[in-house]
Amino acid sequence: MGLVRPGAGDWDEGMRIGTGLISPPSPAEVVSAAADAADRGLAGFWTNQNPGGWDPLTLLASLGRRPAEVGTAIVATYPRHPVTTATEALTLQAAAGGLTLGVGPSHAWYVQDQLGLPYTSPLRHTREYLTVLRPLLHGRPVRFDGEFFTVDTRLEITAPAPGLLLSALGPRMLELAHDLADGVAAAWVTPDMVARHIAPRTAPGARIVAQAVTLLSPDPDRARAEFAGQLTAVGRMPAYRASLDRAGLSGPADTLVIGDDTTVTDAVKRYQDAGVTDLIVVPLNERSRTLDLVLA
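What counts, and at which threshold
- Residues numbered from 1 in each chain as written.
- Predicted model: local features only at pLDDT ≥ 70, side-chain atom pairs only at ≥ 80, totals over all residues.
- Heavy atoms only, no water.
- Axes fitted to C-alpha atoms, helices over the stretch in contact; angles between N-to-C directions.
- Helix = DSSP H or I, 4+ residues; strand = E, 2+ residues; numbered from the N terminus.
- Parallel < 35°, antiparallel > 145°, perpendicular 65-115°, else oblique.
- Left-handed = near helix turned anticlockwise from the far one by under 90°.
- Contact = heavy atoms within 4.5 Å.
- Nonpolar A, V, L, I, M, F, W, Y, C, P; charged D, E, K, R; others polar.
- Salt bridge = Lys/Arg side-chain N within 4 Å of Asp/Glu carboxyl O.
- Buried < 20%, exposed > 50% of the residue type's maximum accessible area, 1.4 Å probe, protein only.
- Polar contact = N/O pair within 3.5 Å; in protein donor to acceptor, adjacent residues only side chain to side chain.
- pLDDT = per-residue confidence, 0-100.

Q: Lay out the packing of helix α11 (residues 261–274) against helix α12 (residues 287–294) with the relevant residues and their values.
A: As a packed pair, α11 and α12 sit with axes 9 Å apart at the nearest point and diverge in direction by 50°. Classed by the angle they form, the pair α11 and α12 counts as oblique. Crossing of α11 against α12: the hand is right-handed. Of α12, the residues touching α11 (which contributes Asp 261, Val 264, Thr 265 and Val 268) are Arg 289, Thr 290, Leu 293 and Val 294. For the contact of α11 with α12, a count of residues per class yields four nonpolar, two polar and two charged.

Q: Describe in detail the packing of helix α1 (residues 27–40) against α12, supporting the description with residues and values.
A: One way to put it is that α1 packs onto α12 with a least axis distance of 11 Å and a crossing angle of 35°. Crossing of α1 against α12: the hand is right-handed. Judged by residue contacts, Ala 33, Asp 36 and Arg 40 of α1 engage Arg 287, Ser 288, Leu 291 and Asp 292 from α12.

Q: Can you explain the side chain of His 125? Please cite residues and give values.
A: Inspection of the secondary structure puts His 125 in helix α5 (residues 122–137). Leave out the neighbours within four places in its chain, and His 125 touches Thr 77, Tyr 78, Thr 120, Phe 148 and Phe 149.

Q: Give a detailed account of the pattern of salt bridges, specifying residues and quantitative values.
A: Under the definition given, this model contains 19 salt bridges. Put simply, Arg 40 and Asp 292 hold a salt bridge, and the shortest N to O gap is 2.5 Å. In this pair, Arg 40 is assigned in helix α1 and Asp 292 in helix α12, connecting sequence segments 252 residues apart. Arg 80 serves as the salt-bridge partner of Asp 55, at 2.3 Å between the closest nitrogen and oxygen. Placement of the pair is Asp 55 in the loop between β2 (44–47) and α2 (56–61) and Arg 80 in the loop between β3 (69–76) and α3 (82–95), with a sequence separation of 25 residues. For Asp 55, a relative accessible area of 25% translates into the label partly exposed. For Arg 80, a relative accessible area of 11% translates into the label buried. Ionic contacts of the salt-bridge type, sharing partners, join the residues Arg 16, Glu 69, Arg 207 and Asp 278 into one network.

Q: Hey, could you go over the side chain of Glu 69 for me, with residue numbers and the actual values?
A: By the element assignment, Glu 69 lies in strand β3. On the basis of relative accessibility, which here comes to 7%, the residue Glu 69 falls in the buried class. A polar contact of 2.4 Å, which involves the side chain of Glu 69, links it to the side chain of Thr 100.

Q: Which residues make up the confidence of the model for the chain, and what values do they have?
A: Mean pLDDT for the chain: 93, with 96% of residues reaching 70 or above. Taken together, the stretch residues 1–12 has pLDDT below 50 and engages in 30 contacts with residues farther than four places along the chain or on a different chain.

Printed below as a string of structure tokens:
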């Protein structure tokens, strides 16, 4: 499948396989999963920001044994000032290295309803956010006066710039990622969604980091129906709903990789053929067996 092993070269020589956890119950489980990923030879370990959950950058800083790359997919932008995000990311990069920073605007139900922050113009807010964040990550001063941010500062942190990804599914957000990020982080997508809607809108050489949630099951139809109910809230979020509608899917459960060993290995190949450069495999069950399959 052209999968890249550690030491085999840069990510653009083939699709890299990483992993992560959904809603880990403790930091200790994250530390253990990252060590296991390193022992297996996976290319990356990824965290994300769940509302009310653990802080992803702090979790990554706590890791001991881990793959060469660690990443966030994603950190929410509205609750964090871009200077704060840049400071935290560069601190982690200086201390441990190998960071890829994925950011995104999250959703109104979290930012507005739970945090009480105005979820105004996510596209314009994200554009300004990246305009401030990106030069700071590269050690450059920023002087910016916009609708959402007024910044005149520089960071006195010496560290290599982490890669910068944007959570993007719709055409306008993908255009923004094309212009101001190093690639895209995408969740709840099928290989067909990547091939038809995401890959054609990414810049040449840009990374497409996609999450693949897997479930080994002898009864895929029953398992998918059971998870459809659990994922109802995800399917109602406007960004995901629009993405699923473009693909003609009824809900996020339709993006899950459910079936036997062959189903999983075939899905990995289809993601690669669709243009995914980095696949984050997130097993819902039989984690060890699933990760063995994708690296076979």
